[in-house]
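A look at the structure
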Amino acid sequence: MKKIVITGAAGFLGSHLAQELIDRGNKVIGIDNFSTGHEENVMELLRHENYTFLKFDVTDPMVLELDELFAIEEIFHLASPASPKFYQEAPFETIAANTIGTKNMLDLAYREKASFLYTSTSEAYGDPEIHPQPETYRGNVNTWGPRACYDESKRLGEVYCYEYFQRYQIQAKVVRLFNTYSAGLRNDDGRVISNFVTQAISGEDITVYGDGSQTRSFCYVDDMVSALLLTMKSEQATGQIINLGNPTEYTILEVANLVKRLNSSNSKITFLPLPCDDPKVRRPMIDKAKRLIKWEPKTSLEEGLQKTIASYTEKRMEVQEKVVQS
Ligand SMILES: NC(=O)c1ccc[n+]([C@@H]2O[C@H](COP(=O)([O-])OP(=O)(O)OC[C@H]3O[C@@H](n4cnc5c(N)ncnc54)[C@H](O)[C@@H]3O)[C@@H](O)[C@H]2O)c1
């Protein structure tokens, strides 16, 4: 049994990852400040004797003094707002989580001789001029815009990992995640799949930004969690940056129509202005992941969306029943 730390544990990915690590017989210490995560995501896990949750901010240096963080073997550092809606509401907290927070967690890895995995992002490529994006592409990020707090702080988080790997031989691995989805994303998260599914289920208009010709590639959460675990396990992944995502690319309009069809929804598709610096295309090259961690995603968008829609529908019915009963 390994003792493993997950930061951002009350978030979408952190809670799925914690569940999988517990299921595999590990002891998990989850840390989160509930800035974008929520208690609902840890309630079930808290029942498990091998799960400990600490409400704490990873940017606070006292995090290193927490008794529970001694004798740990692995750190998955996920803590950071991830949805544009949330990181743009809290730019300084986002910058701090990815810089000071990453440094604190690397210091912890150094003290504990623990392996370290940092979840960077496809946003490190900005609005890419090379398509699809290989890890060697250096990106096209605007430092003077509303996405910069996230994109640039993730890039600086990567730099911290590089320096700790080079100078202190920390077993650091950086993964650049591309859009990942499933149940567990907040209804008000603002990311495309949660928006479309929530709108389709409730019969509201499905709102597409721009004309919907911009593309994205969507990875189902189970595939992503298995990739995170394989990366952490892989010695070859140490000191590397690896793209993780599903390389099948869709236009946003295709996704809106697919959600509408799978949900047999009467929602209309309507169009809103494209946000500033919204990437026009995004698709990972995953040859490096295939080579180093022997991974590629298995779940098609249609299959993943079916599961996601079923789960959102079930949750909506539970809420409606509670309202009727009260
Ligand atoms: N889900 C995706 O599609 C995606 C894509 C690219 C990168 N990522 C990265 O993966 C990680 C997890 O993303 P997610 O989708 O689960 O996002 P999320 O917002 O659901 O989860 C992030 C969690 O981090 C916590 N957090 C934020 N700042 C913190 C701090 N200072 N101290 C402690 N906790 C803090 C939040 O409360 C939240 O629970 C993030 O680092 C994100 O940038 C995710």
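Shown above is the structure to which this text applies.
If you're wondering where the values come from, they're calculated on a predicted model, not measured in any experiment.

This part takes up the site of the ligand. Near the ligand there are 30 residues, and of these Asp32, Thr36, Leu78, Tyr150 and Lys154 occur at the shortest range. The contact in question runs from an oxygen atom of the ligand to an N or O atom on the backbone of Ser80, over 3.4 Å. Of all the secondary structure elements, the ones that give two or more residues to the shell around the ligand are α1 (12–23), β5 (115–121) and α6 (148–168). Of the residues forming the shell around the ligand, the biggest block, 3 residues, is contributed by β5.

Note that Phe92 resides in helix α4 (residues 91–98). We classify Phe92 as exposed; its relative accessible area is 67%. When the C-alpha atoms of Phe92 and Gln166 are compared, they prove to be 28 Å apart, with 74 residues separating the residues in sequence.

Take the nonpolar core next. By size, the foremost hydrophobic cluster in this structure holds 58 residues, and its most contacted members are Leu17, Tyr51, Phe76, Phe196, Leu244 and Ile293. When residues in this core are grouped by element, the largest group, 7 residues, is from helix α8 (residues 221–233). Leu244 has contacts with Val175, Arg176, Leu177, Phe178, Met224, Ala227, Leu228, Thr231, Ala289, Ile293 and Trp295, leaving out every residue within four places of it along the chain.

Counted according to the given criterion, the structure contains 0 disulfides. Unpaired in terms of disulfides, Cys161 finds its nearest cysteine sulfur in Cys149, a separation of 19 Å. Using a relative accessible area of 2% as the deciding quantity, one classes Cys161 as buried. The thiol of Cys276 is unpaired, and the distance to the nearest cysteine sulfur, on Cys149, comes to 12 Å.

Glancing now at the pairing of strand β2 (residues 27–32). Within β2, 5 of the 6 residues are buried, which leaves the element mostly enclosed by the surrounding structure. The pairing of strand β1 (residues 3–7) with β2 spans 5 bridges and is parallel. Residue pairing across strands places Thr7 opposite Ile31, the latter belonging to β2. Where the polypeptide runs from β1 across α1 and back to β2, its parallel neighbour, the crossover connection is right-handed. Note that the unit made of β2, helix α2 (residues 40–46) and strand β3 (residues 51–55) has a crossover that is right-handed.

Read from one edge to the other, the open sheet built from 7 strands follows the order β3-β2-β1-β4-β5-β6-β11, with strand pairing classed as parallel. Of all the strands in the sheet, the pair left with one neighbour each is β3 and β11 (241–244). Each adjacent strand pair in this sheet contributes to an overall mean axis angle of 20°, direction not counted. In this structure, strand β6 (residues 172–177) lies alongside β11, joined through 4 bridges in parallel fashion.

This brings us to the packing of α1 against α8. Viewed as axis vectors pointing N to C, α1 and α8 meet at an angle of 65°, and their least axial separation amounts to 10 Å. Relative to α8, α1 is oriented roughly perpendicular. Helix-helix and strand crossings are classified by hand; for α1 and α8 the assignment is right-handed. Judged by residue contacts, Phe12, Leu13, His16, Leu17, Glu20 and Leu21 of α1 engage Val221, Met224, Val225, Leu228 and Leu229 from α8. Class assignment for the residues of the contact of α1 with α8 results in 9 nonpolar, 1 polar and 1 charged.

The next thing to look at is unusual backbone geometry. The omega angle of the peptide bond from His131 to Pro132 is -10°, so this bond is cis rather than trans. Located in the positive-phi region is Lys113, a residue other than glycine, with phi close to 55°. In this structure, Lys113 sits in the loop between α5 (100–112) and β5. Relative accessible area serves as the criterion here: at 76%, Lys113 is assigned to the exposed category. Phi is positive for Lys294, close to 55°, though the residue is something other than glycine. Relative to the elements of secondary structure, Lys294 occurs in the loop between α10 (287–293) and α11 (301–325).

Attention shifts here to the side chain of Ser122. Note that Ser122 resides in the loop between β5 and α6. In this structure the side chain of Ser122 is engaged in a polar contact, spanning 3.3 Å, whose partner is the side chain of Arg282.

A few words on the pairing of strand β4 (residues 74–77). Working note: regular strand, side chains alternate between the two faces of the sheet. Judged by which residues are buried, β4 turns out to be covered on both faces: Glu74 and Phe76 on one side and Ile75 and His77 on the other are all buried. Pairing of β1 with β4 involves 4 bridges; the strand directions are parallel. Within β4, the position partnered with Ile6 by the bridge is Phe76. Looking at chain direction, β4 and β5 are connected through 4 bridges and run parallel. Note that in β5 the partner of Glu74 across the bridge is Ser115.

Thresholds, definitions, all that
Residues numbered from 1 in each chain as written. Predicted model: local features only at pLDDT ≥ 70, side-chain atom pairs only at ≥ 80, totals over all residues. Heavy atoms only, no water. Near = heavy atom within 4 Å. Polar contact = N/O pair within 3.5 Å; in protein donor to acceptor, adjacent residues only side chain to side chain. Helix = DSSP H or I, 4+ residues; strand = E, 2+ residues; numbered from the N terminus. Buried < 20%, exposed > 50% of the residue type's maximum accessible area, 1.4 Å probe, protein only. Core = buried A, V, L, I, M, F, W, Y, C linked by side-chain atoms within 4.5 Å. Contact = heavy atoms within 4.5 Å. Disulfide = S-S within 2.5 Å. Pairing = 2+ DSSP bridges. Right-handed = clockwise from strand over helix to strand, strands pointing away. Axes fitted to C-alpha atoms, helices over the stretch in contact; angles between N-to-C directions. Parallel < 35°, antiparallel > 145°, perpendicular 65-115°, else oblique. Left-handed = near helix turned anticlockwise from the far one by under 90°. Nonpolar A, V, L, I, M, F, W, Y, C, P; charged D, E, K, R; others polar.

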